[in-house]
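Now for the letters of each chain:
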Amino acid sequence: MSPPAARQRYIANKHENNSLLKKPKKFINATLRRENEKSGAAKTNNRKYQNERSPESVNVNVGVHTAFKTFVSARLCSAICADISDCDETYNYWEPLHYIIYGHGLQTWEYSPQYALRSYTYILLQGVPGWIYERIFHPTPILIFYMVRCMLGFGCALMERFMYKSICQEFGVHIGRLWLIFQLFSAGMFISSTALLPSSFAMYFGCAALAAWWQQMYALSVFFMAIATLLGWPFAVLIGLPIAIDMLWRKQMFRTFFMWSAISAVTICVPMIVIDSSYFGKLTFAPLNILWYNVFTDHGPNLYGTEPWSYYIVNGFLNFNIIWLLSLLTPMMLVIDFIVVPAKTKSTLNFPRYITLAPYYLWLLVFISQPHKEERFLFAVYPLISLCGAITVDVYQRIFYRLKTLMVQIKAGTVGSHYLDHTMFIAILVMVIGTLLGLSRVFSLYRNYHAPMDLVMELNHFKNSNEYRSSRLYNVCVGKDWYRYPGSFFLPARNFRIRFLKSEFRGLLPAYYADDENATRITHPYFNDMNQENDYMYFPYENCHFLIDFDADKCTSLEPCYSKQSKDWSVMKSLPFLIQDKSNSFFRAFYIPFLTDSYTVYGNFNLLKSKKMKPS
């Protein structure tokens, strides 16, 4: 006999989805039994329910409120423990935010008025709470950094709560539960959920737009998509393209689409243009500028490095392990499912799978084809990786059940005949492997790369010592490790400045905003959009009071081993940091107890203090 028809699965999912909106119960069958008793037709409906039920032994209902609590817990862990994985986050977002709050910070060429690729509106939207916190309580800068991070994590958890509810309603509770587990223990979400980056912001609102779309809340979907694209990242429009196709072609909702597009444009673009034009001193629409630079200029982002197509394959596995591989197989598995499993009636609520999953594959198609690749470029679709992975697992279970019915002839329609009764070991196996690999990756990231953040915070001990003078300006220098610097929020007071020493790096470094009321409007001659080095950014070595340097036993004339120059420097603190080219690629990526230490090599990340302390 064939397995239960898709229509039966759909009705069962609908019963489960309704229970999500109420107070969570432990088992779904208990909820349905109470509803049957209230209706006065318990006996009749019980027979019908037992033919369509999900298995009592494994089908634990995770309510929306419970899921939200777990998301908040996971994202707060990320806010506290995750390191800054991309120097673009430090210099293009945390540093301008530090300037807005404290009046000094590093400026990149993207914020120069002649280019105006970045939006101050985006910074203000996420930084105003930090500014208010500083004005009222006057905390140390590091507290503002973590306050903003926790706020970002909470916002991500809100998006995930909304998305979890929509997935359970559109794709079924079983897929929703799988998605929940994959999200919670994903290393990719650990990294991206609290990053101060437009791609993370686009993830918050782009995926919220998809969740609203799946619930047929079209106006809200268009508005969220406009926020993701205009305030966040212009390339997020790729996520909204299937929504537009559905509304204009499939549903012909022209009035709703264009009316809410116009409302969104006015409510978002007008304030954005006013704010950015005020900061840059000229009429500015930053999303258009960044699109022009990345798409229509001859040099564009390729100046900052190119990678082969396999870059995202490897990076996806690091951040989502087997879930990433399963997500790549989803289209093929859905075709096999359609052929092998005889049920032909749709099992989703509102949309066919080819359009609900289109944003993810459209995103991959576009960004894999681009020569310049970065990990953060995939942040916007990270929750969709978990979703497609969950769908693939569900398809595997249905196919396995189908093959089993052909072999042992399980009688469909009797108690215990639901496909989850016989295939939950597949889901549990994938969840266990994905969870272990995800936790292993998170622990490896913290263990191998967290040293710079801990090291710079050590300057707080110097600030509390008798040697510290509040009237003095202290220069904290970095050389080859400039891209590992976590930002000015980690410096203990306003009289500390980060300085760049000349190294083997030959690109364009940031420079401090000018000491002027209209510093954001000043055009500087040392900035360019060709990533060409300028000596203006370099600082005299003899004027450094502190120096942050990674000692990996590789010394050159421009990158000496400063910690060995004992006449000039004393070591304030030293922490282990992974030496990548001397460590095994697998064991440096994933922490395996009792084995990793045998295959990885660490150097010393040092905070050095000058023995001369020359004045500025």
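Criteria and thresholds
- Residues numbered from 1 in each chain as written.
- Predicted model: local features only at pLDDT ≥ 70, side-chain atom pairs only at ≥ 80, totals over all residues.
- Heavy atoms only, no water.
- UniProt positions renumbered as here; feature names shortened; annotations may be inferred.
- Axes fitted to C-alpha atoms, helices over the stretch in contact; angles between N-to-C directions.
- Helix = DSSP H or I, 4+ residues; strand = E, 2+ residues; numbered from the N terminus.
- Parallel < 35°, antiparallel > 145°, perpendicular 65-115°, else oblique.
- Contact = heavy atoms within 4.5 Å.
- Nonpolar A, V, L, I, M, F, W, Y, C, P; charged D, E, K, R; others polar.
- Buried < 20%, exposed > 50% of the residue type's maximum accessible area, 1.4 Å probe, protein only.
- Pairing = 2+ DSSP bridges.
- Salt bridge = Lys/Arg side-chain N within 4 Å of Asp/Glu carboxyl O.
- Expected span 1.5 Å × (residues − 1).
- Core = buried A, V, L, I, M, F, W, Y, C linked by side-chain atoms within 4.5 Å.
- Domains from an automatic or database assignment.
- Disulfide = S-S within 2.5 Å.
- Left-handed = near helix turned anticlockwise from the far one by under 90°.

The name that an unreviewed UniProt entry assigns to the protein chain is Mannosyltransferase, with the source organism given as Glossina palpalis gambiensis. Heading Pathway (unreviewed entry) of the UniProt record for the protein chain holds this comment: "Protein modification; protein glycosylation."

**Some words on the packing of helix H10 (residues 198-214) against helix H18 (residues 382-408)**
Closest axis-to-axis distance for the H10/H18 pair is 9 Å, and the angle between their directions is 45 degrees. By the angle class used here, H10 and H18 are oblique. Contact residues: Met-203, Cys-207, Leu-210 and Trp-214 in H10; Tyr-382, Pro-383, Leu-384 and Leu-387 in H18. Across the contact of H10 with H18, the residue classes break down as eight nonpolar, no polar and no charged.

**Remarks on the pairing of strand E7 (residues 602-610)**
E7 sits mainly inside the fold: seven of its nine residues count as buried. As paired strands, strand E6 (residues 569-578) and E7 are joined by nine bridges and run antiparallel to one another. If you follow Ser-574 over to E7, its bridge partner there is Asn-606.

**Digging into the pattern of salt bridges**
According to the stated counting rule, one finds 23 salt bridges in the structure shown. Between Arg-118 and Asp-88 there is a salt bridge, with the nearest N and O atoms lying 3.8 Å from each other. Here Asp-88 lies in helix H5 (residues 87-102) and Arg-118 lies in the loop between strand E1 (106-107) and helix H6 (120-137), a separation of 30 residues in the sequence. A single burial state applies to Arg-118 and to Asp-88, both of which are buried. One salt bridge in this structure joins Glu-467 and Lys-609, with 2.9 Å as the shortest N-O distance. Placement of the pair is Glu-467 in the loop between helix H21 (459-463) and strand E2 (474-478) and Lys-609 in strand E7, with a sequence separation of 142 residues. Judged by relative accessible area, Glu-467 falls into the partly exposed class, the value being 40%. Classification of Lys-609 as buried rests on a relative accessible area of 17%. Look at the salt bridges and you will find they share partners, linking Asp-86, Asp-88, Glu-110, Arg-118, Glu-374 and Arg-376 into a network.

**Section: H10**
With 17 residues, H10 ought to run about 24 Å at 1.5 Å a step, and its terminal C-alpha atoms sit 24 Å apart, in line with that. Within two residues after H10, Gln-216 carries a phi angle of roughly 60 degrees, on the positive side.

**Things to note about the nonpolar core**
Core analysis: the largest hydrophobic core is formed by 171 residues, its most contacted members being Phe-145, Met-163, Trp-214, Trp-363, Leu-387, Phe-496 and Phe-546. Sort the elements by how many residues they give to this core and helix H7 (residues 141-171) lands first, with 15 residues. Of the domains in this structure, domain 1 (113-408) and domain 2 (443-610) are the two that each give at least three residues to this core. For Trp-363, the residues in contact, after removing those within four places along its chain, are Trp-233, Phe-235, Ala-236, Leu-238, Ile-239, Phe-377, Leu-378, Ala-380 and Val-381. Core analysis: the next-biggest nonpolar cluster, separate from the first, contains eight residues, Leu-547, Tyr-562, Trp-569 and Leu-608 among them.

**What to know about the state of the cysteines**
Applying the stated rule across the entire model yields two disulfides. Bridging Cys-477 to Cys-544, the disulfide has an S-S length of 2.0 Å. Negative torsions about the S-S bond denote left-handed disulfides, and the value of about -95 degrees found for Cys-477 with Cys-544 makes this one left-handed. One end of the pair, Cys-477, is in strand E2; the other, Cys-544, is in the loop between strand E4 (511-512) and strand E5 (546-551), and 67 residues separate them in sequence. A relative accessible area of 0% means that Cys-477 is categorised as buried. The disulfide partner of Cys-555 is Cys-561, and the S-S distance across this bridge is 1.8 Å. On the sign convention where negative is left-handed, the bridge of Cys-555 and Cys-561, at about -85 degrees about the S-S bond, is left-handed. Residue class for Cys-555 comes out partly exposed when judged on its relative accessible area of 48%.

**Quick word on the packing of H5 against H6**
The geometry of H5 relative to H6 is characterised by a closest axis approach of 9 Å and an angle of 45 degrees between their N-to-C directions. The pairing of H5 with H6 is recorded here as oblique in orientation. Seen from above, H5 lies across H6 with right-handed handedness. The residues of H6 that touch H5, namely those facing Asn-92, Tyr-93, Pro-96, Leu-97, Ile-100, Ile-101 and Tyr-102, are Tyr-120, Tyr-122, Ile-123, Leu-124, Gly-127, Gly-130, Trp-131, Glu-134 and Arg-135.

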